[in-house]
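# Working through the structure, step by step
Single-letter residue listing:
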Amino acid sequence: MGIQFGGDYNPEQWPEEVWAEDLKLMKAAHVTMVTAGIFSWAKVEPRPGEWDFGWFDRVMDGLAGAGIAVCLATMTASPPPWLSRAHPEILPEGPDGQRRWPGGRQHYCPSSPVYRAHAVRLVEQLATRYAGHPALTMWHVGNEYGCHTRQCFCEVSADDFRRWLRTRYESVDALNAAWSTAFWSQAYGDFDEVLPPRTAPTFPNPAQQLDYLRFGDEALRACYLAEKAVLTRLTPEVPITTNLMPQHKPVDAFAWSAHMDAMALDFYQDPYASDDHIRAGYVFDLMRSARSGQPWMLLEQAPSAVNWRPRNGPKPPGAMRLWSWQAVAQGADAVLYFQWRQSLGGAEKFHSAMLPHGGTDTRIFREVADLGRELASLPGIEGTRSRAEVALLADWHSWWALELDSKPSTALDHSRIALDHYRPLFEAGVACDVVPPQRELSGYRLVVVPNLYLLTMSGAERLAAYVRAGGQLLVSFFSGIVDAHDRVHPGGYPAPLRELLGLRVEEFWPLDAGRSVSVGGGAYTGRADLWSEAIDLEGAEALAHFTTGELAGRPVVTRHTYGQGTAWYAGTRLDAALMRALLDDIRAAAGVLPVLPGLPAGVQATVREGADERYVFLLNHGAEAVEVDLPAPMRDALAAQDAAGATGRVALAARGVAVLTDPVG
Ligand code: GAL
C-alpha cells in the first residue's frame, strides 16, 4: 500500500471540466489518497432535506477510476446559511454573551441538539449512499474540532453543562464541595442555578472554569461520537478518524484517541521559526504515543506558505520534503496537504496548494510530485513501529488548571514548558514517547514530568511506584500542587510528592518578566528564569543552588534515592544548556542511549522496525551539509545505488534526508 500521499480535495470550488485535469495531475503527482467534501454541506443539501449528490457521485467515481482512495469527510464542519437562518439558536456565544455570526466556518454550538440532528441526518445520507463505494477508504469526521469555536457559553450550552454536572456530581452538595463554593458566597441550592463561567466582575470560580473546559472537550467529542455512531452502524468496516490540531488546548488528544481508528494531525511548520521542527517532533511523538505506537496520519500540512500568520513566507527549497519525512520518521503512515488545487477566491486563496495558481511548472508542484515519487518508491515503511525508553508526561487536565487565572504567575505556559523538557531529548537524538499520566510506565527507563500542577493522589502513587521499582524520574517546578478540582493538596507543597522527591517547597517565588537568576553547582551552572521556589530538603541531596536573588543559597536541583530508583527535581526553569546537562546526567543514570552515537548538531535520527525490516531515518535540520558515521554499514534507500550497496558514512546536504536500510543478504 505504501505511505498514503495526497491532500484535501475541494472540487465544488471548480467547474466540472477541471475535475478531469485534477485526476490526471493527481496521478502525475503520485497522489494515492484525498480527503474530499470537507466543506460541501451547502452544495449537497442546498435546501433543507433536498439532496444533491449527483455531482459528488461523479467526483467519487472519478477518483475510484483513477485508483485514488478517498478519506471521505462527513461535511459537517460548516453549516449552510439556511440552517443558521432557520435556527439561529445553533450559533455559538462567547463568554461575554456575544453571538458568533455565520460568514466564516465552524459557527455552531457544540451542544446544540439542532446542529447535531442536522449533522447526523447528513451523515446518514452520506454513509448510506457511499457504503461499499470502491473509493471509500476512511471517514474524516467534522474538521479540526474546536479550531474556531473552542467553547460556547449560550443557554443551550448552559443546560447541557448542568446535565453534565448532574451526572458527574449527582448531588449539589458534592458540586459545592468540589468547587469550594463556600468561598465568595457561591454555594448553590440547585443545579439549575449553575451557569457557564461567563465573563464576571472578577475571576470566575476556578473549579467551575476547569469543569467547563472538561465539559467543552466532551461536548465537541459528543458531536464526533454522534456522527461516528452512524458511520459504525452503516459502514462498520470503514475506519474513522478526525484531524486533530497540535497542542490544541480545547481537545484532549488522549481522551479522543480511544474513539479514533487512527490518530490524525494537521501540522503547519512555521518556515520563519528556526526550531519549529522540535515542536513538530513533540507533537508527532504525542500522536504516535496516543495509540501506543500505532502509525498515525499527517492529514494536513502546507505545501509551502499559509495565509493565517501575520507574515506568510514560502517554505524554502527542500523544507517541505524534510518536514514530511520527519512525520514519517516519527511514525506517520500518511502525508497529506491542505489542499490539492489553490483556490481563486475565498479566505484561503493565498494559502499554498499542491497545484499552485502557477500550475505544474512551479517549484511547489515539482517538489510535491518528487516527494510523491520518493514515498511511492519505498513501500514497506507503513506499519513499522518505533520503541522509546523515555516517556514525557502530558496531561490536558493539568494544562487546563495550570493556565487558569489567579495563580502565583500567569506566565506559566504548558506548551512552552513541555518543549523546554522535550528539546534536550530531541537534540540528544533520544527516542521519546509523550504519554498521559495513566499510561503504564514500567517499560520506560526514564520518565520526565514537566510541571504537572494538577496531580491526583493515585497519579502521584503511580509515579512513586515507578521509582520504587527502579525508574529514573525528573519532576519540574510547581507540580503536584492541586487535586482534580483545583484544590490544594493539604500537607505542604507538593504534598503527594514530598516523600518521593525528599523535599518540601515552602514558598513560591515566581520571577518577574525579563528577570533571571544564577544557578551554581559543578556541571549545573547557568541561569534560570520564570519561576523559583524555596525548597527545604527532606532526604534529597542538593545538586545545585540558587547563587543570586532572594533565594541565593537555597537548593534548586535535587536528587533523591527512593526504593530502587531515583527522583530528580528542578525547582525553576533552567536555561537550555543546564537543562541539557541535567537530562544528559539523568539519561546516563537510566542507561538511555541516543538512537545513533555522535550525531552532528541539527541531525535527527529515528528508527522504525517491522518483523523483518528496519529503517533508520536521518534528517538534517541544519543549514550546513554534514556527514554521519554509522555503527555498521547500511544502504541509503533514497540514493541511486544497487540494492546490495552499503555505506558506513552518510553525507547529508542541508535539509537532506536519508532513509537507511540493512544491506540485502
Ligand atoms: C486547517 C483547516 C483547513 C485549512 C487549513 C489552512 O486549519 O483544517 O481547512 O483551513 O487550516 O492552513
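Conventions and cut-offs
Just so you know, the residues in each chain are numbered from 1, in the order the chain's sequence is written. Thresholds applied to this predicted model are a pLDDT of at least 70 for local features of residues and 80 or more for the giving and counting of side-chain atom pairs; totals over whole chains, interfaces and linings are not thresholded and use all residues. By convention in this description, side-chain values take in all heavy atoms of the structure and omit both hydrogens and water. Strands pair, by our definition, only if DSSP identifies at least two bridges between them. Secondary structure elements follow DSSP: runs of H or I of four or more residues count as helices, runs of E of two or more count as strands, with numbering from the N terminus. Contacts are assigned to residue pairs that have any heavy atoms within 4.5 Å of one another. Only the stretch in contact is used when a helix axis is fitted, and all axes are lines through C-alpha atoms; the angle between N-to-C directions ranges over 0 to 180 degrees. Throughout, exposure labels follow a simple rule: accessible area from a 1.4 Å probe, protein chains only, divided by the maximum for the residue type, with under 20% read as buried, over 50% as exposed, and the rest as partly exposed. Each domain's limits were defined by an automated method or a database of domain assignments. Take the accessible area each of two parts loses on contact, using a 1.4 Å probe, and add the two losses: that sum is the buried area. One speaks of a salt bridge when a side-chain nitrogen belonging to Lys or Arg is within 4 Å of a carboxyl oxygen belonging to Asp or Glu. Here, proximity means that at least one heavy atom of the residue falls within 4 Å of the molecule or strand. Polar contacts, as counted here, are pairs of nitrogen or oxygen atoms within 3.5 Å of one another; within protein the pair requires one atom able to donate a hydrogen and one able to accept it, and residues that are adjacent in sequence qualify only if both atoms are side-chain atoms. Exposure was quantified through the Shrake-Rupley algorithm and a 1.4 Å probe, taking into account, for residues, occlusion by the shown protein chains and nothing else. The residue classification treats Ala, Val, Leu, Ile, Met, Phe, Trp, Tyr, Cys and Pro as nonpolar and Asp, Glu, Lys and Arg as charged. All others, Gly included, are polar. Residue types Ala, Val, Leu, Ile, Met, Phe, Trp, Tyr and Cys, when buried and joined through side-chain atoms within 4.5 Å, form a set referred to as a nonpolar core.

This next bit is on the sheet that holds strand β11 (residues 432-435). Spatial strand order, β11-β10-β12-β13-β20-β19-β18-β15-β16-β21: 10 strands in an open sheet with mixed pairing. Two strands bound the open sheet, and with one partner strand each, they are β11 and β21 (573-574). For strand β10 (residues 390-393) and β11, the ladder comprises four bridges, and the chain directions are parallel. By the bridge assignment for β11, Ala391 is matched with Asp433. Against the sheet, helix α14 (residues 414-427) touches β10, β11, β12 (446-449), β13 (472-476) and β21, its axis set at about 170° to β10.

Note that Thr35 resides in strand β2 (residues 33-36). Residue Thr35 is classed as buried on the basis of its relative accessible area of 0%. Beyond its immediate stretch of four places on either side in the chain, Thr35 contacts Gly7, Asp8, Tyr9, Cys71, His140, Leu299 and Leu336.

For the bond running from Phe338 to Gln339, omega is -10°, close enough to zero to count as cis. Turning to its location among the elements, Gln339 is positioned in the loop between β9 (332-337) and α12 (363-376). For the peptide bond that leads from Tyr493 to Pro494, omega is -25°, which places it in the cis range.

Now for the domain arrangement of the protein chain. Examined at the domain level, the protein chain breaks down into domain 1 (4-151 + 220-381), domain 2 (390-590) and domain 3 (603-661). The straight-line distance from the C-alpha centre of domain 1 to that of domain 3 is 31 Å. Each partner contributes to the interface: domain 1 provides 22 residues, whereas domain 3 provides 15 residues. For the pairing of domain 1 and domain 3, the buried interface totals around 1500 Å² over both sides, and the portion due to carbon and sulfur atoms is 64%. Considering only the surface of domain 1 that becomes buried against domain 3, Leu322, Ala329 and Ile381 emerge as the three largest contributors, covering 36% of it. Counting every contact that joins domain 1 to domain 3 gives one salt bridge. In this structure, Asp333 and Arg608 form a salt bridge, with 2.7 Å as the shortest nitrogen-oxygen distance.

As a further point, take the site of the ligand. Close contacts around the ligand come from Phe39, Arg105, Asn143, Glu144, Asp266, Tyr268, Glu300, Trp308, Phe338, Glu348 and His351, and that covers them all. One nitrogen or oxygen atom from the side chain of Glu300 is found 2.8 Å from an oxygen atom belonging to the ligand. Across the complex, the protein chains shield 95% of the 310 Å² of accessible surface that the ligand would expose by itself. Grouping the constituent residues of the shell around the ligand by class yields four nonpolar, two polar and five charged.

A few words on the sheet that holds strand β7 (residues 264-266). If you trace the nine strands from one edge of the open sheet to the other, you get β5-β4-β3-β2-β1-β9-β8-β7-β6, paired in parallel fashion. In the strand order of this sheet, the two ends are held by β5 (240-241) and β6 (243-244), each with one partner. Relative to β2, strand β1 (residues 4-9) is paired through four bridges, and the arrangement is parallel. Pairing of Asp8 across the sheet is with Thr35, part of β2.

Core analysis: the biggest nonpolar cluster contains 178 residues, and Tyr282, Trp325 and Trp340 have the highest contact counts within it. Excluding residues that lie within four positions of it along the chain, Trp340 makes contacts with Asp8, Tyr9, Asp22, Leu25, Met26, Ala29, Val31, Ala353, Met354, Leu355 and Phe365. By size, the runner-up hydrophobic cluster in this structure holds 16 residues, among which are Phe161, Leu165, Trp179 and Val194.

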